[in-house]
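So you can see what is in the structure, the chains are spelled out below.
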Amino acid sequence: MDPRNTPGYRLHCSLTNLKRIETAGLDDADQERIEAARALLQDVSLLTQPQHSGDADTQIKS
């Protein structure tokens, strides 16, 4: 089976690539964009992973 067909593969690759970017040489706006992208991908990654607690009755407060 091709690993690219595994759920979450592309999300994981994107997050890994963003973590590898050296932000020291970038201007402030680009650093903020990269940090925001990292945070969003980490949030999505947490949402796509199965919950280990076994509590499927979890509700999100909005």
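Calculation rules
- Residues numbered from 1 in each chain as written.
- Predicted model: local features only at pLDDT ≥ 70, side-chain atom pairs only at ≥ 80, totals over all residues.
- Heavy atoms only, no water.
- Helix = DSSP H or I, 4+ residues; strand = E, 2+ residues; numbered from the N terminus.
- Polar contact = N/O pair within 3.5 Å; in protein donor to acceptor, adjacent residues only side chain to side chain.
- Contact = heavy atoms within 4.5 Å.
- Core = buried A, V, L, I, M, F, W, Y, C linked by side-chain atoms within 4.5 Å.
- Buried < 20%, exposed > 50% of the residue type's maximum accessible area, 1.4 Å probe, protein only.
- Expected span 1.5 Å × (residues − 1).
- Arc of directions from axis to C-beta.

Undergrad: An account of the side chain of R38 is needed here, citing residue identities and associated values.
TA: Take R38: it is sitting in helix 2 (residues 28-48). Polar contacts involving the side chain of R38 include one to the main-chain carbonyl oxygen of I21, which spans 3.4 Å. Setting aside residues up to four positions removed in sequence, R38 forms contacts with L15, L18, K19, I21 and T23.

Undergrad: Tell me about the nonpolar core, and name the residues and values.
TA: In this structure, L11, L15, L18, I34 and L41 together form the largest nonpolar core, which totals five residues. Of all the elements in the fold, those that place two or more residues in this core are helix 1 (9-20) and helix 2. Element by element, the count of residues in this core is highest for helix 1, at three residues. If we skip the residues at most four places from it in the chain, L15 touches R38, L41 and Q42.

Undergrad: Account for helix 2, naming residues and giving values.
TA: A rise of 1.5 Å per residue sets the reference length of helix 2, with its 21 residues, at 30 Å; its end C-alpha atoms lie 30 Å apart and thus fit the reference within 8%. Within helix 2 the residues assigned to the buried category are I34, R38, L41 and S45. Taken end-on, helix 2 shows its buried residues confined to a sector of 70°, consistent with a single buried face. Those residues of helix 2 that are exposed and aimed more than 90 degrees away from the buried face are D28, E32, R33, L40, L46 and L47. If you follow the buried residues of helix 2, they end up packed against helix 1.

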